[in-house]
Every structure is written in C-alpha cells, then in structure tokens.
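A closer look at the structure
What follows is the residue order along each chain.
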Amino acid sequence: MAKTLNTSNRRRSRFNPALVAGLALMGSMVLVAVLAPLFLTPAAESLTADSRLGPSTAHWFGTDEFGRDILARSLVATRLTLLMSLGATVISVVGGIVIGSSVWLAPRWIREPALRLIEAAVAYPSLIFALLVAAIMSPGSTTAVIAIGIAGIPSFARITANLAASIAHRNYIATARLLGVPGYRIVTRHLLPNMSEPLFVMSASAFALSLLEISSLSFVGLGVQSPQYDFGRLLNEGLIAIFVQPLQVVAPSIMLVITGLAAVLIGDGMASAANPRRAARRLLPTRRNMSTPESVAPASQALLEVDNLKVLGPTGEEIVKGVSFNMKPGEVLGLVGESGSGKSLTAMSIAGLLAEGLTATAHTLRLGDLDLLTTRDSRAMALNIGLVYQDPGSTFNPALRMGPQLTEVSRVHLNQSRQEANATMIAALDEISIQRPELRMTQHPHELSGGMLQRSMIAASTVTEPRLIIADEPTTALDVTVQADVLRKFRRYNQEHGTAILFISHDIGVVQELCDTVLVMHRGRILERLTGAELKDGRAEHPYTRALLSASPSMTGEKGRLRAAQWKPDEELEVTP
Amino acid sequence: MALTIKPPSTAPVRATGSPLRRRLASSPWLDFAMRRTGGLLLSLFVLVVLTFMVVPLIPGDPALAIAGPDASAATIERLRQELGLNDPLLVRFADYAGGLLQLDFGNSFRFGDPVSGIILSKLPYTAQLAVSAIVIVLLVAVPVGMTVGVLTRGGRRRWLDLGFSNVAGFLASLPPYVTATLLIILFAIVWRVLPAGGANSMEALILPIAALAVGPTCAVARVVRQETAVVLEQDFMRTARGRRLPALRLYLVHALPNLLTSTLTLTGLILASLLGGAIIIETVFNYPGLGNEIIQAIIYRDYPLVQGIIIVVGIIATLLNLLVDIILGIIDPRTLGAKTHG
C-alpha cells in the first residue's frame, strides 16, 4: 500500500541548514558584541566637527549630527542590545517556569482559575504588558528589560503548565508522589528535565521576540535613553534625520535584521530538529502517473482488462510486478493478500489515483472502451468507476456537510440541480437502510457513525450507476457486526444492478463469502486464481493461499498452528525491505 | 433478509418538545456562547485589575512622580486628593471599576478632557490601519500560500519551495517598524512617490498599511503553504480526486475549508501582534492614532489616558479573538467544543 512506501529511513538530524546558518550568524554577532566596544568606542562616541558627512572610505555609512561614525555606533550598540534581550528572555523564561510549575503544584481550586487567568493574559498583545510596565517605571534600559521580560511571562507560564499537565500523569511522577516526594523536588527532578527540550526551543524564539520588542520600545523612546544606545535608540535618532541622512537608519536596521534573523533561524532550526515531521520533508521525483507501453486493441468480452500492470516506486523499483486479469460485467472479483502485497496499488492504478511519486505502466488497462492509461475524460472516469475506501472516518471531508459531498459527482458531472441530486441521494440512502436520510444530508461526517458513513459512501458510489465499483478494504475499519451489514449491501447491490465489483481485502474469510472469483496476491504478483466456491471448499492449490486460509480462524475447522509466516516464495528468499 | 426493515421513510422521528427548542438545546453554539461570555468577563477583569495597578505600583509617591520633582507641596497634595491616593486600595479600585462601568475613564492630566473623548477621536485612525492590514494579510496570504502549496505538492518544483520559504521566512522576521523605515527610504525618499507620514490622504495610508501587513502576510502564507501540503495528503482529498473534480473546485471547495481552521487559529495570534505593531508603527509615520497617543501619554505620565487606551486595545484584542473563534465555528463546528482545556 502507498503508505508503507514513505516510511523508509526518516533520519532525525540534530543540525539542519537553518540551525547552522542561525548559529553562525549569531556567533558573529556575539563576536561583534564582544569586540566592537573594545576597539570602536572612540569612533562611536567622541564628538567631532565632521557633522553629517556622507558615506566615504573613512565612514562607510557617514556620520551623525555630532560627527560620530554611524557604522561604529551600530556595531558598538550590538553589545547592549544583546545583553538586554538576554536579560528579558531570562526574566520571561524563569518567571514563566516558576509560575507555570507553581500553578501545576497548587491545589485544584487554585489551579483551574489560575490557568484561566493565564489563558486570558496570553490573549492580549504582549506589548500591552510592556507599555504598562513602561508607564509604571520611568523610561530607561532597565525598564525596557523588565517590561519585555514580564510581557513574555504569560505565554511561557502557559507552555510550562501545558507541558507539566501532559507529563504529570506519567508513571514515574505518580510513583514519586506516592513515595511522598515533596512538590518542588518533583518539579526540579522529574518535571523540568523532561520538558527541557521544548522549553529550550521556546527560549530561542523568545529571545528573537525580546530582541525585536526591546528595540521597538527604545525606538518609540520608552526604552534606552541617551547617552546609552541600542539598535532601537539608533533607529529613533536616525528617523528624525531620515530625509537628510537615510543611511543613519539603514545601518542599525541592517544590524537589527541580521540579529533578528539569526535568532529566528536558531528558533526554527531547533524546533524542526526537535520535531521531525517538519524537518523530514522528503522529496519524491515527479512523473506523470500513467505512461503507455504498446496498448493492445480491445478484443475480449471483458468489462475490465488488466494486462501486465506494473507499479513503479519513486526510485523505479517494481512494487506491482506485472499483474494481469479480466473482469466480466457483473462479476465480483476479490483481491486478497497481506499488507504490502500490492492489492491496493493495483486497485488505485485502475482508478487512476496513485499516490505522488508512483507510476503505473501496462500493456492494457481498460474499462469497456475507456483506456484507463491515457484517458483525460474526467467525466467518464467519475461516472464509470465508483469508489469505496478503507477508513470512512478519514475519507469524508470533515469541513463539509454530508449532502454536498455525496451528491458532488451528480452535480458536477451530470449537471444535476442541487434539489434533483439531493432527492436521488436521499432515496439511495434510504435504500441502503440509513434512517432519517434528510437529516443525515445536513450533518457533518463527525456526527455519523463509521458504519453509517461507509454505507453512505456505498450509496454515493452507486448513485451514478457506475460500471465498476472498486472497494478498497471497505470493511477493515468497521466492527464485526457492521462489517457483515456492509458486505450484505455490496452483495445486494451487485445482484440488483449487475454492477461489477472489485473487492480488495486482506481477510480471506470476507472474500470467500462475497466474491465469484478470488485472486491471491503476494509481493506484487498474483499467485493463484480461484472461484469463491473453490476457496470455500478449501480447494486452494498454492501453499501461500492455504497458509492464508489456515490463518483465518474458523469456528468449525480443526485446530492447528498459524502457518502464514512459514511459506516463502522460492524466488524471493533474499531479504526484501 | 431481516435487514430490510425500514422505518416509514418520509416522516422523520419526532422527539418531544418543539423542534426549535430541541435544536437550541443540542446546539454547540449555546454552550460556546455561555463559555465564551465567562471567558470574556474574566479577561476584562484581568485587564481592569492590571490597568488599575499602574498607579499604586509607581515606585515612591505616585503624586510626586506624576507632578514632577519641581512641583510645590500644595500641588502634590491636590493631586493626591484628585487621585484618591489617601483612600484605601479597595475603595480606589471600586471607584475605578465603577467609573469604567459607566464608560468614565477619567480626565486626561495633560489635556484636561475626558479620556473617552480622546480615545473616540483617535480610535478610527488606528482601526482603519489595523483592519486594512488584516484584510490585506488574509486576502494575499491565503491564495499565495495555497498556490505555492499546490504547486510544490509531493516535492514538485523544489526551487519554488526553497525560494518561497526563504524569502517569506526572511520577510516574516522583519519587525514592522524596520519595514516601515525601509519603505519610507525607498518610496518617500529615493523614488518620491508616496508621502512619508500623516493621515491626510489615501496615499498616506499605503506605506503604514504595507509596513504592517508585509510580515504577517509572509508568516500566514508560510503556514498556509505548510497546511496545504498536509491537507492534500489526506484521505478525503483522494476521495475528492476520485470524483474527478475540476481543479478549482478540488482546491477551493475541498482543501480550503480544511486549511482555514488551522490558518485562522494562527491568524488570531498574529492579529494580536499586529495590533501591537500598529501601536509602534504610528510613531514612524507620525500617524494620529491610539499608538502615538499612548506613547506620548506614557512619556508625559498621563495615567488616565494610558489606562484608557490599554483597556480599549485590550478589549479590541479580546473581541478579535472571539471573532476568529466564531468564524472557525462556522467553518468547522467541531472547533466549538475545543479550546477550553488549559
């Protein structure tokens, strides 16, 4: 099946390009912060007569109104900016962790309201808190650090409380509590070490945020005051002279952008190193899903003709290795095999719905006079093939109501009006014994049970009277009683309408009940072809089929050992992935 | 078979009570409304307490701090009376909260006018800026993010994927005030096509709105791209492809609503920061809104005005959050039940 193909080696790398770039940038910024004040302070701070010079080799970005070198000032300001951001980050992280874990340790009647309060505080822009603190204290670098530090506390407190709640019910915490370990020791010994990774990642992002917010406070005049200067203060001074000396805002802007970018890259990089889903975005080669080797003219009476169908994986390996079979009109054909045997891929090739990166080739692949390899006739495809999928819980669109989903083919491809399509659909739902079909049509999928969803899917796949229904493990996700009911619906529909059904299952018991013909697949090949009756009577020839049969427990059969794993096809004794 | 027993198909089974009442009782909206009203009141309470605490928390004597070091003893005493600093804290809080309930924010120290009037005259400017920016963010970010997501699905067009995520990531990390200064240099100084400040004409709004919208647009577009990739892999999208729908219908009807849930959740957070950005950015453009006003008020220690503006901005943030959740609930009713667990 398609999903088994993508699971191969997802390596978890600690270092990704974003992290490396971020660390390198931040490293050079720290270097500037250490070195610049040592060597450039005279150029940055001593007043000279060279007021408002343009850019030159001596002053790359020119000088400000007091004749100080703009570039030197921007470089020297790095130290104060980084220290302030660091200070604010420490306040946010420590404050947040202390509050978050105290909330978690507190008795329930305090915990619930406290959590609500934190939630309420997080909803406000953090700038509000910063402005409140700035209003209480007089403007200055300490004020800015405290203001931005406090502004960051609520979100950290919330994350700590959430993480603590998710760890708290683990066994070792319960054990520690039972042993009477005091609360603060549970926090320091068990809780904090186990949430250090996400908190560390969050701290990097918090640093990036502190940097930008402290600079914004200084920029509007509420942070660092003259004669001190950080990036924000320099921007503030530069803005006044922006028409005279645009370069004066450019230099601190560049420094601020580089530092901010470094912090963001580190945060993102650490996050994706910790969360492999984002990091491991594997890329598959792209190809057209269908290609045509020599197609033979349709000759036989068969409704569906599959001749030498192969499905190739992303690297060109054969997953389905040349499968051939025919289906007569009205026939119910079962395709059985274990997971990964290629049965679903075979079915999805016929439906033209292979996953990204997979390619199907065949000598012949046709349904009636429709060449499934080359057709671009979406209307014919939609109307001729009805599809029922494995998991009704995920095959319906959760955001749409049932009605529009179920009637979509009729409305789009048969140009039926909404009323017309609804009426037909309601009748079909009724026929498949869904109670109150009008109500169901207005509900969302999550309001229906799995069995109801799957029956609706069957109704939808039959309502356009297709020539072939492909059912890909339609009963696997359902419980046993519902399974039996769904199988009866298929059987009845087949008898009443004479529609051919290609029925895929790994359950040989299900298949022998329902199907006229059964194909047994293993590792991309068809091993044996049987009639349903032969299968029922136990007249299977191939050892693999016999093993499958004996692996499905029967109430009447003799007891024995499960043998499915013991049979190996001779030609594939070498280890396969 | 016994299975073919059907209830009379045309008459739906009726429970007791009027249909309307049944509908309301089972409606997740009623539950949602009650829960959110509680949350809203709590948020407001937090806001009122926080703003109230500004004056008592001023280090030293607030009256001295407000009046300045050169004020006479009489002035300071008058200020103490005016602020009610001689009353116990709880009495002062009751006065403060009581005043707020009657929409009385007090009088500005600096102008002597009622704070509510000042806020009402400045609010439209800020709202104009923030609302336009939000609309632009959503109008640009969702189509762009989705288009890139569709074009790069399953590893197609690696160059676009790399280029987009790097450029958007960079722009998203720019703070709005830096974007603003750079935009002024380019458009007002180098090319001289747009004014660098004020609020007198439509052109004057272009740069502030752009500066506010660029970062969030890129941030949201990145999320939309990411979510598009996730949604396109879902089983229900294969179901939709199996129906051979036209591309536009496939992406707009089937993928978009599922993207919007996660996008809007994030948008709610971004909106809060956008509001903060609007406050800062007004300084850059010398724009006569609430942001410029509150920063002046803080510098001049005009506490009633600071308190009033923070309460108003806080309420707007809370209402925006609620609006996002209501839209989410309309798109996907399952979200109505969530979000209570802390």
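So, how was this worked out
- Residues numbered from 1 in each chain as written.
- Chains lettered and ligands numbered in written order.
- Predicted model: local features only at pLDDT ≥ 70, side-chain atom pairs only at ≥ 80, totals over all residues.
- Heavy atoms only, no water.
- Buried < 20%, exposed > 50% of the residue type's maximum accessible area, 1.4 Å probe, protein only.
- Helix = DSSP H or I, 4+ residues; strand = E, 2+ residues; numbered from the N terminus.
- Pairing = 2+ DSSP bridges.
- Phe/Tyr/Trp six-rings, centres within 6.5 Å; stacked < 30°, edge-to-face > 60°.
- Lys NZ or Arg CZ within 6 Å of the ring centre and 35° of its normal.
- Polar contact = N/O pair within 3.5 Å; in protein donor to acceptor, adjacent residues only side chain to side chain.
- Contact = heavy atoms within 4.5 Å.
- Expected span 1.5 Å × (residues − 1).
- Bend = angle between axes of the 7 residues up to and from the residue.
- Buried area = accessible area lost by both parts, 1.4 Å probe.
- Salt bridge = Lys/Arg side-chain N within 4 Å of Asp/Glu carboxyl O.
- Axes fitted to C-alpha atoms, helices over the stretch in contact; angles between N-to-C directions.
- Domains from an automatic or database assignment.

On to the pairing of strand β4 (residues 332-336) of chain A. Residue and element names in this part refer to chain A. Counting buried residues in β4 gives five out of five residues, a clear majority hidden from the surface. Going residue by residue along β4, you find Val332, Gly334 and Val336 tucked away on one face and Leu333 and Leu335 tucked away on the opposite face as well. Sheet analysis places β4 next to strand β10 (residues 500-505), joined by five bridges and oriented parallel. Its bridge partner being in β10, Val336 is matched across the sheet by Ser505.

Let's shift gears to the packing of aromatic side chains. Counted under the stated rule, the structure contains seven aromatic pairs over all chains. With centroids separated by 5.6 Å and ring planes inclined at 85°, the aromatic side chains of B:Trp29 and B:Phe32 adopt a geometry described as edge-to-face. On the criterion of helical spacing, the pair formed by B:Trp29 and B:Phe32 is a turn pair, its members being three residues apart in helix α2 (residues 28-57). Arranged with centres 5.4 Å apart and planes meeting at 80°, the rings of B:Phe187 and B:Trp191 form a pair that is edge-to-face. Clustering of aromatic rings is evident, with ring pairs tying together B:Phe52, B:Phe93 and B:Tyr96. Positioned above the aromatic ring of A:Tyr229, the side-chain terminus of A:Arg73 is 4.2 Å from the ring centre.

Once that is clear, we can look at the side chain of A:Ser101. Residue and element names in this part refer to chain A. Looking at the element boundaries, Ser101 is found in helix α3 (residues 70-105). There is a polar contact of 2.5 Å between the side chain of Ser101 and the backbone oxygen of Ile97. Not counting residues within four places of it along the chain, the set of residues in contact with Ser101 comprises Thr160 and Val187.

Here the focus is helix α11 (residues 247-285) of chain B. Residues and elements named next belong to chain B. For α11, spanning 39 residues, the distance from its first C-alpha to its last is only 44 Å, which falls clearly below the expected 57 Å at 1.5 Å a residue. Its axis deflected by about 45° at Leu256, α11 carries its strongest bend there, up to four residues before the proline Pro257. Looking one or two residues beyond α11, the residue adopting positive phi is Asn286, at roughly 50°.

Glancing now at the interface of chain B and chain A. With 84 residues of chain B in contact, the opposing surface of chain A contributes 78 residues. Overall, the association of chain B and chain A removes approximately 7300 Å² of surface from exposure, summing both partners, and the carbon and sulfur fraction of that is 67%. Between A:Glu408 and B:Arg249 there is a salt bridge, with the nearest N and O atoms lying 2.8 Å from each other. At the boundary of chain B and chain A, one finds 16 residue pairs in polar contact (both at pLDDT 80 or more). Elements supplying a minimum of two residues to the side of chain B that touches chain A: α2, α7 (158-172), α8 (176-190), α9 (202-232), α10 (235-242), α11, α12 (290-299) and α13 (303-331) of chain B.

Further remarks concern the sheet that holds strand β12 (residues 525-531) of chain A. Residue and element names in this part refer to chain A. Reading across the sheet, the six strands line up as β8-β9-β10-β4-β11-β12 and stay open at both edges, with mixed pairing between neighbours. A strand with exactly one partner marks an edge of an open sheet, and here the two such strands are β8 (385-388) and β12. For this sheet, the mean angle separating the axes of adjacent strands, direction not counted, is 20°. For strand β11 (residues 517-522) and β12, the ladder comprises six bridges, and the chain directions are antiparallel.

For the peptide bond that leads from A:Ser226 to A:Pro227, omega is 10°, which places it in the cis range. Mapped onto the fold, A:Pro227 is located in the loop between α10 (196-219) and α11 (231-240). Of note, the phi angle at A:Ser433 is positive, near 55°, even though the residue is not glycine. Considering the arrangement of structural elements, one finds A:Ser433 in the loop between α19 (418-431) and α20 (437-442). Residue B:Arg301 is not a glycine yet carries a positive backbone phi of 55°. Looking at the element boundaries, B:Arg301 is found in the loop between α12 and α13.

This part is about the domain arrangement of chain B. All names here are of chain B. Under the domain assignment, chain B is made up of domain 1 (29-101) and domain 2 (119-333). Relative to domain 2, the C-alpha centre of domain 1 lies at a distance of 33 Å. Across the contact, 16 residues belong to domain 1 and 14 residues belong to domain 2. Residue Arg36 pairs with Asp325 through a salt bridge whose shortest N-O separation is 2.2 Å.

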